[in-house]
Amino acid sequence: MKASQLLLTVDLRAAGESMHAFATELYPTCRSITGDGLRTTLKRIGRQIPLEIQEVATGTTVFDWSVPREWNIRDAWIKNSRGEKVVDFQKSNLHVVQYSVPVQRRISLDELKTHLYSLPDRPDWIPYRTSYYQETWGFCLTHRQLEKLEPGEYEVKIDSTLAEGSLSYGEHFLRGRTADEVLLSCHVCHPSLANDNLSGVALSVKLAEILGGCSLKYSYRFLFIPGTIGSITWLARNSERARQIQHGLVVTCVGDSGGLHYKRSRRGDAEIDRAVIKALRDRRQPLEVRDFSPYGYDERQYCSPGFNLPVGSLTRSPHGTFAQYHTSADNLDFIRPEALSDSLAAYLAVISVLEGNSRYQNLNPWCEPQLGRRGLYRALGGFADAGQMELAFLWVLNLSDATHSLLDIAERADLPFELIEQAAETLVAHGLLEERLV
Amino acid sequence: MKASQLLLTVDLRAAGESMHAFATELYPTCRSITGDGLRTTLKRIGRQIPLEIQEVATGTTVFDWSVPREWNIRDAWIKNSRGEKVVDFQKSNLHVVQYSVPVQRRISLDELKTHLYSLPDRPDWIPYRTSYYQETWGFCLTHRQLEKLEPGEYEVKIDSTLAEGSLSYGEHFLRGRTADEVLLSCHVCHPSLANDNLSGVALSVKLAEILGGCSLKYSYRFLFIPGTIGSITWLARNSERARQIQHGLVVTCVGDSGGLHYKRSRRGDAEIDRAVIKALRDRRQPLEVRDFSPYGYDERQYCSPGFNLPVGSLTRSPHGTFAQYHTSADNLDFIRPEALSDSLAAYLAVISVLEGNSRYQNLNPWCEPQLGRRGLYRALGGFADAGQMELAFLWVLNLSDATHSLLDIAERADLPFELIEQAAETLVAHGLLEERLV
Amino acid sequence: MKASQLLLTVDLRAAGESMHAFATELYPTCRSITGDGLRTTLKRIGRQIPLEIQEVATGTTVFDWSVPREWNIRDAWIKNSRGEKVVDFQKSNLHVVQYSVPVQRRISLDELKTHLYSLPDRPDWIPYRTSYYQETWGFCLTHRQLEKLEPGEYEVKIDSTLAEGSLSYGEHFLRGRTADEVLLSCHVCHPSLANDNLSGVALSVKLAEILGGCSLKYSYRFLFIPGTIGSITWLARNSERARQIQHGLVVTCVGDSGGLHYKRSRRGDAEIDRAVIKALRDRRQPLEVRDFSPYGYDERQYCSPGFNLPVGSLTRSPHGTFAQYHTSADNLDFIRPEALSDSLAAYLAVISVLEGNSRYQNLNPWCEPQLGRRGLYRALGGFADAGQMELAFLWVLNLSDATHSLLDIAERADLPFELIEQAAETLVAHGLLEERLV
């Protein structure tokens, strides 16, 4: 099957349900940028699609960084003077600041408060906080919980370990007809947060399953990595291979009910940038386009000046713009099967454009070839308008001088990419056009 | 006389009447892409301006096409069972589908209807239809005629011939000071249709007459050709000569009362594209500008990728956008002398810009030259504004560094091209500027 | 002190008062493009800042021009038949057309009127007129004065001399760390006119005083010259040196209460053009930007095609757009200390951008460097927004690939230039960035 036929054959409704179910299954696990929760998640992904899991030892230098110690946590709580657990990790893994060092002490309320994080504006939500690179400990709790804490002594316990170990990540590779790669990267380091980024993980897995059944021009590399340190680690270990990446997307926040957003690559007008915009425009799907900025997810690393890869990010509500972002309200209700399926359709449409976007040479560049005698043009003349397909033939012939790609042509003609692609295929079949390998 | 003086000297009102009269004279003839109607028309043009008439034999290969058989028609009709002519070629040559093969038969109404074409939305108009490249026959009629046809047997007769012969076209050439050419191309293959394209034929002939009396920088080539196959044939026989074409316009639909439209060349921002826009803007004439598309008239061939000539099309209501297009309503009432004369003025204004658009070198590029002592600047100083001509002097001097043309300067200064041209001529006369031949 | 700290340290209010006082002191002198009034003015400037005063002999060839004779005037009047002075140079030096030749005659009112200039629309204002290059004489007066003149004989006297001598101009040079120069040019040839251009003279002197106390990257050249002939003379004598000029501004009309205007250099998008726009935008000061035109002040000469220097003009109400322009109403009330100080602040802001606008190389271009362990990034993670300074770090690192200047980065990031500059300095201090000398 060709990529361009995917949208016709995938059962999007079923795919939406299946992605939501997969996110639901992964939701309870306490993931971090290292540790067993991350490992468990990668193994579960590996049951869906072939996954090469890498372990990179603590202390390994990766550019300006080094791989941190591995963090694992079993339990954590705060007990009041009556021995009642007023904050309990078993109820939500967001309650502990990630990478908290082990602690077991009696402590006054005043001192305890210097270790507590809440959201006064959202008194029922637990914030998500991390402290990967500065040794400390802390608890996150709802503001209502915080306000109920009575003066007195508390007992805090965090049963964690922070020790030599390794950072884990997973890689899924689909070999296409060329060695040129499309990168799909999602971070998999967040604990019980649904949109950010179990939605991205579920969509990536589904996309890999679907593309696995296709005949592909490009090779596809799916990365399931801890945010920031994961992409830095991958790039440090694959700096030569990274040059194969021709197009890429960071897959995140694809499950909420907001509209689609696209953040351009640092290059700003790379083929991936134009493909996303054209694919969504052809689907008449509203798309808000934002310029690149060096704040966000792993595109920060892919688009660092030494690499400057053409990697954008296609999301629904983008990074940091929704109230539920990095709180307990980013839960399984916040992501919807229909939104996941709509995002999947958008990704498939983009990939269809990338896969089909070749350059051709018109083999009869001197005047138009006679389409009529080949049955490609209506026999009876005199009408005011050409049909859409006839127009597509004329545009493809007119611009196929080996400098314009089909995407260039579809943009200039303001015709759907798919129509332009069909026209090109038909013209090739009639010996009027020849693909030019660049 | 210089081209820039044309607009001052041409009697536009008389020219409008004369163009309309010429169209009126040509109107009754049944032209097609070959045949005696076309030949008669070329001979009539040849009585106005010197015309080299070419005959290209049937079967001659022209790129991907071959010259079709020659079609001639003497008479055609449909008679009802009472022997009454219900459709009669003698009343309108649009009644027969062009290139209909000869036929004389008795036929049932049901079968007849498969050969009839009408316009249900315009029940009083006869459509214009052709079938150059697929052998068939047919009649066009008003929808009211069609509806009146009673069940029964009919007799149809088309007294036509489709046989070896030749394709005719005419060429008028005006030699200028340089071998660089301006192409003016109009199709002359339509039967009794006035705006499309007797208006273009009449305007081209008038323009050739006027330019014939001028001292010209460019050489001008006027083509009177059958649409599509004519431009393909000309290009096939003149593929080297075509390289001389520096600017070109397809002249069509210039007689209706709609506003002016310009369709850009494939290059999009060629000198002809900018000259048309600037010339019309200077005349404060509304002009709607459209991007190139590969559908339309013979610009399709001139702008095919192998040639990619800078050829646009300056029309009134463009191709296919008016209801009367390719119907019997595109008649002599649909075109107006005032519209023809207004179009002629626009063409003359464009040609003035092309003729005057040279590059100059400021011979005193270091600071301004002292215009005052040459009488080119007011003697008394201290005023807030320079006059328009003083401004034009300053702009021409400031930008004449051999990279900017006068059109570049007029665009940037937002001053009329004619004023900039006069300023340049004055500065040349004062030894301050020198033309640079590129 | 660095230029970027200037705005924090200069007492703008005091500077405004001081510039107004300086203009007040220079106001009564009758300056022209040559002569003792000009010389006196240059000497007074030389008491504020070191000034090299040049004298260029009458008749010296300067490109297409030659230095005119020197004009000096002691007195001038028109007496009516009763011997009453009806126009008196001692009351306003605008009353005499500049460069009037000496005259003492009895004359009828009719003949006298051919030598009189007034403003009928502004009956209380005296116009300012000159006749540098055509020998004549004349008086300017209010229209009310003109209307009161009774028929009869008048006595006119202009006690002037027009003789061999020299043209004077002054140059103030501040040596910076590089030989690349910033040009600040103001004309100093107008008699009692305040905005045009004592405001520019006063601002230039103040700017020179302030920059004199700074450590500067660029060298700064301040020119105090007669308009047109002065810049032509300077350029003719310094055509090689002019190549050192990297950025320049013509300083004029900076004291009225209108908003700021910037006229771009001929290049249109030179660094000075962008620096002015960014600096004023960062100050949230409204700025109207106009394209270059070859009419105006000395930018006409600096931007002539042989030089094409990147020189724009930052003014308040621009050249010729205010009613008071070149009339007696352009007086000391028309310019305000607050407006002068606001203009000074704008010039200082522009210079801060120019001084700080370097190119840097990110020394860790492969992925982001770890800002956290250097204390440059908040320790606790998980927040939706980075702080402004963190964003600035990320933008500087992301775009510092030696092709982008800090101005490029500030524009693309849409962050204040000063913030971007501080970020770059901090990153240099941490060994993450290195300046690239181009």
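K.L.:
Go over the overall build of chain A, please, and point to the residues and values.
P.N.:
Of regular secondary structure, chain A possesses 13 helices and 19 strands. Its C-alpha atoms put chain A at 95 × 40 × 35 Å along the principal axes. When the 438 residues of chain A are sorted by exposure, 50% land in the buried category. Residue pairs at least 24 apart in sequence account for 80% of intrachain contacts in chain A once pairs closer than 6 positions are excluded.

K.L.:
Tell me what's going on with the relation of the copies chain C and chain A, and back it up with residues and numbers.
P.N.:
In the superposition of chain C on chain A (RMSD 0.1 Å, axial shift 0.0 Å), the rotation amounts to 120 degrees. The transformation just described matches what one would write down for a three-fold rotation axis. Residues of chain C ranked by C-alpha distance from the rotation axis are headed by Asp 269 of chain C, positioned 13 Å from it.

K.L.:
Describe unusual backbone geometry, with residues and values.
P.N.:
Residues and elements named next belong to chain A. Of note, the bond from Asp 196 into Asn 197 is cis; its omega dihedral lies within 30 degrees of zero at 15 degrees. For Asn 197, the position within the fold is in helix H6 (residues 194–211). Its identity as a non-glycine residue notwithstanding, Tyr 99 has a phi of 75 degrees, on the positive side. The topology assignment puts Tyr 99 in the loop between strand S5 (85–88) and strand S6 (103–108).

K.L.:
Provide a residue-level description of the nonpolar core, including the pertinent values.
P.N.:
Of all hydrophobic cores here, the largest spans 127 residues; its most connected members are Phe 224, Val 350, Val 396 and Ile 420 of chain C. At 12 residues, helix H10 (residues 337–356) of chain C tops the list of elements feeding residues into this core. Beyond its immediate stretch of four places on either side in the chain, Ile 420 of chain C contacts Ala 392, Trp 395, Val 396, Leu 406, Ile 409, Ala 410, Ala 413 and Leu 415 of chain C. Of all hydrophobic cores here, the second largest spans 126 residues; its members include Leu 6, Leu 38, Phe 224 and Trp 395 of chain B.

K.L.:
Could you give an account of the environment of Lys 79 of chain B, naming the residues involved and the relevant values?
P.N.:
Residues and elements named next belong to chain B. In this structure, Lys 79 sits in strand S4 (residues 70–79). Spatially, the C-alpha atom of Lys 79 lies 48 Å from that of Ser 265, the residues being 186 residues apart in sequence. Residues in contact with Lys 79, not counting those within four places in the same chain, are Glu 84, Lys 85, Val 86, Tyr 154 and Glu 155.

K.L.:
Could you give an account of the interface of chain C and chain A, with specific residues and numbers?
P.N.:
Note on interface size: it is often stated as the accessible area lost on association of the parts. With 24 residues of chain C at the interface, the matching set in chain A holds 26 residues. It is helix H11 (residues 388–399) of chain C that provides the largest number of residues to the side of chain C that touches chain A, a total of 5 residues. Partitioned by chemical class, the residues of the side of chain C that touches chain A number 12 nonpolar, 8 polar and 4 charged.

K.L.:
Any chance you could break down the domain arrangement of chain A for me, citing the residues and the numbers?
P.N.:
All names here are of chain A. Taken as a whole, chain A is organised into domain 1 (3–67 + 167–356), domain 2 (70–163) and domain 3 (359–436). Here the C-alpha centroids of domain 1 and domain 3 sit 35 Å apart. Each side of the interface is counted separately: domain 1 has 9 residues, and domain 3 has 8 residues. Going through the elements one at a time, helix H8 (271–282) and helix H10 (337–356) are the ones with two or more residues in the side of domain 1 that touches domain 3. For the side of domain 1 that touches domain 3, the element with the highest residue contribution is H8, accounting for 6 residues. Residues that form the side of domain 1 that touches domain 3 fall into these classes: 3 nonpolar, 2 polar and 4 charged.

K.L.:
I'd love a proper account of helix H12 (residues 406–413) of chain A, names of residues and values included.
P.N.:
Within the span of H12 of chain A, buried status applies to Leu 406, Leu 407, Ile 409, Ala 410 and Ala 413 of chain A. The arc enclosing the buried residues of H12 of chain A, seen along the axis, measures out at 160 degrees, which places them on a common side.

K.L.:
How would you sum up the interface of chain C and chain B? Please name residues and give values.
P.N.:
In this complex, chain C contributes 26 residues to the contact, which on the side of chain B involves 24 residues. Of all the elements in the fold, those that place two or more residues in the side of chain C that touches chain B are helix H7 (229–237) and helix H9 (299–302) of chain C. Residue classes in the side of chain C that touches chain B are distributed as 13 nonpolar, 9 polar and 4 charged.

K.L.:
Explain the packing of H8 of chain A against H10 of chain A to me, using residue names and the numbers behind them.
P.N.:
Residues and elements named next belong to chain A. The N-to-C vectors of H8 and H10 enclose an angle of 120 degrees; their axes lie 8 Å apart at closest approach. In terms of axis orientation, H8 runs oblique to H10. Like other packed secondary-structure pairs, H8 and H10 cross with a definite hand, here right-handed. Taken together, the residues of H10 that come into contact with H8 (itself represented by Ala 275, Val 276, Lys 278, Ala 279 and Leu 280) are Ala 346, Ala 349, Val 350, Ser 352, Val 353 and Leu 354. Tallied by class, the residues present in the contact of H8 with H10 amount to 9 nonpolar, 1 polar and 1 charged.

K.L.:
Which residues make up the sheet that holds strand S18 (residues 401–405) of chain B, and what values do they have?
P.N.:
Residue and element names in this part refer to chain B. With respect to topology, 3 strands assemble into an open sheet ordered S18-S17-S19, the strand pairing being antiparallel. Edge strands, defined here as strands with exactly one partner in the open sheet, are S18 and strand S19 (433–436). Neighbour-to-neighbour, the strand axes of this sheet turn through a mean angle of 35 degrees, independent of strand direction. As defined by bridge partners, strand S17 (residues 359–362) adjoins S19 across 4 bridges and the pair is classed as antiparallel.

K.L.:
Run through the pairing of S4 of chain B, naming residues and quoting values.
P.N.:
All names here are of chain B. Strand direction decides the pairing type here: S4 and strand S9 (residues 153–163), joined by 9 bridges, are antiparallel. Its bridge partner lying in S9, Asn 72 is registered against Thr 161. Here 3 bridges tie S4 to strand S5 (residues 85–88), and the two strands are oriented antiparallel to one another. Paired with Ile 78 across the two strands is Val 87, which belongs to S5. The hairpin formed by S4 and S5 contains 5 residues between the paired strands, and Gly 83 there has a positive phi angle of roughly 80 degrees.

K.L.:
Report on the confidence of the model for chain A, specifying residues and quantitative values.
P.N.:
Taken residue by residue, chain A gives an average pLDDT of 96. The fraction at 70 or more is 99%. Prediction confidence for the complex, expressed as pTM and ipTM, is 0.94 and 0.95 respectively.

K.L.:
Break down the environment of Ser 265 of chain A for me, with residues and values.
P.N.:
Residue and element names in this part refer to chain A. Residue position: Ser 265 is located in the loop between strand S14 (260–263) and H8. Taking the C-alpha atoms as reference, Ser 265 lies 7.7 Å from Ser 313; in sequence the two are 48 residues apart. Those residues within four positions of Ser 265 in sequence are excluded, and the remaining contacts are Ala 270, Ile 272, Asp 273, Phe 292, Cys 303, Pro 310, Val 311 and Gly 312.

K.L.:
Tell me what's going on with the sheet that holds strand S11 (residues 181–187) of chain A, and back it up with residues and numbers.
P.N.:
All names here are of chain A. Ordered by their spatial adjacency, 8 strands build an open sheet running S1-S10-S12-S11-S13-S16-S14-S15, and the pairing between neighbours is mixed. Each of the sheet's edge strands pairs with one partner strand only, and the pair in question is strand S1 (52–57) and strand S15 (287–290). Pairs of neighbouring strands in the sheet enclose a mean axial angle of 20 degrees, with direction left out of account. Lying on the sheet, helix H3 (residues 36–48) is in contact with S1, strand S10 (166–174) and strand S12 (219–225); it crosses S10 at an angle near 15 degrees. Contacts from helix H7 (residues 229–237) reach S1, S10, S11 and S12, with the element oriented near 65 degrees to S10.

K.L.:
Please set out the pairing of strand S15 (residues 287–290) of chain B residue by residue, giving values where relevant.
P.N.:
All names here are of chain B. Relative to S15, strand S14 (residues 260–263) runs parallel, the two being bridged by 4 bridges. What sits directly across from His 261, in S15, is Glu 288. What joins S14 to S15 is helix H8 (residues 271–282), and the crossover it makes is right-handed.

K.L.:
Lay out H6 of chain A with the relevant residues and their values.
P.N.:
Helix length check: H6 of chain A (18 residues) gives 24 Å between terminal C-alpha atoms against 26 Å at 1.5 Å per residue, within 8%. Among the 18 residues of H6 of chain A, 16 are classified as buried, and the element is accordingly described as predominantly covered.

K.L.:
Before we move on, could you go through the packing of helix H2 (residues 12–26) of chain C against H10 of chain C and cite the residues and values that matter?
P.N.:
All names here are of chain C. At a minimum axis distance of 8 Å, the contact between H2 and H10 shows a crossing angle of 115 degrees. In terms of crossing hand, the pair formed by H2 and H10 is right-handed. Residues Leu 12, Arg 13, Ala 15, Gly 16, Glu 17, Met 19 and His 20 of H2 form the contact with H10, whose participating residues are Pro 337, Glu 338, Leu 340, Ser 341, Leu 344 and Ala 345. Its residues assigned to classes, the contact of H2 with H10 shows 7 nonpolar, 3 polar and 3 charged.

K.L.:
For the environment of Asp 121 of chain C, give the residues involved together with the corresponding values.
P.N.:
Note that Asp 121 of chain C resides in the loop between strand S7 (116–117) and strand S8 (139–140). Through-space distance from the C-alpha of Asp 121 of chain C to that of Tyr 133 of chain C is 28 Å; in sequence the pair is 12 residues apart.

Quick notes on the rules
Residues numbered from 1 in each chain as written. Chains lettered and ligands numbered in written order. Predicted model: local features only at pLDDT ≥ 70, side-chain atom pairs only at ≥ 80, totals over all residues. Helix = DSSP H or I, 4+ residues; strand = E, 2+ residues; numbered from the N terminus. Buried ≥ 20, exposed ≤ 12 C-beta atoms within 10 Å, placed from the backbone. Contact = placed C-beta atoms within 7 Å. Least-squares fit on C-alpha atoms with pLDDT ≥ 70 in both. Core = buried A, V, L, I, M, F, W, Y, C linked by C-beta atoms within 7 Å. Nonpolar A, V, L, I, M, F, W, Y, C, P; charged D, E, K, R; others polar. Domains from an automatic or database assignment. Arc of directions from axis to C-beta. Axes fitted to C-alpha atoms, helices over the stretch in contact; angles between N-to-C directions. Parallel < 35°, antiparallel > 145°, perpendicular 65-115°, else oblique. Left-handed = near helix turned anticlockwise from the far one by under 90°. Pairing = 2+ DSSP bridges. pLDDT = per-residue confidence, 0-100. Right-handed = clockwise from strand over helix to strand, strands pointing away. Expected span 1.5 Å × (residues − 1).

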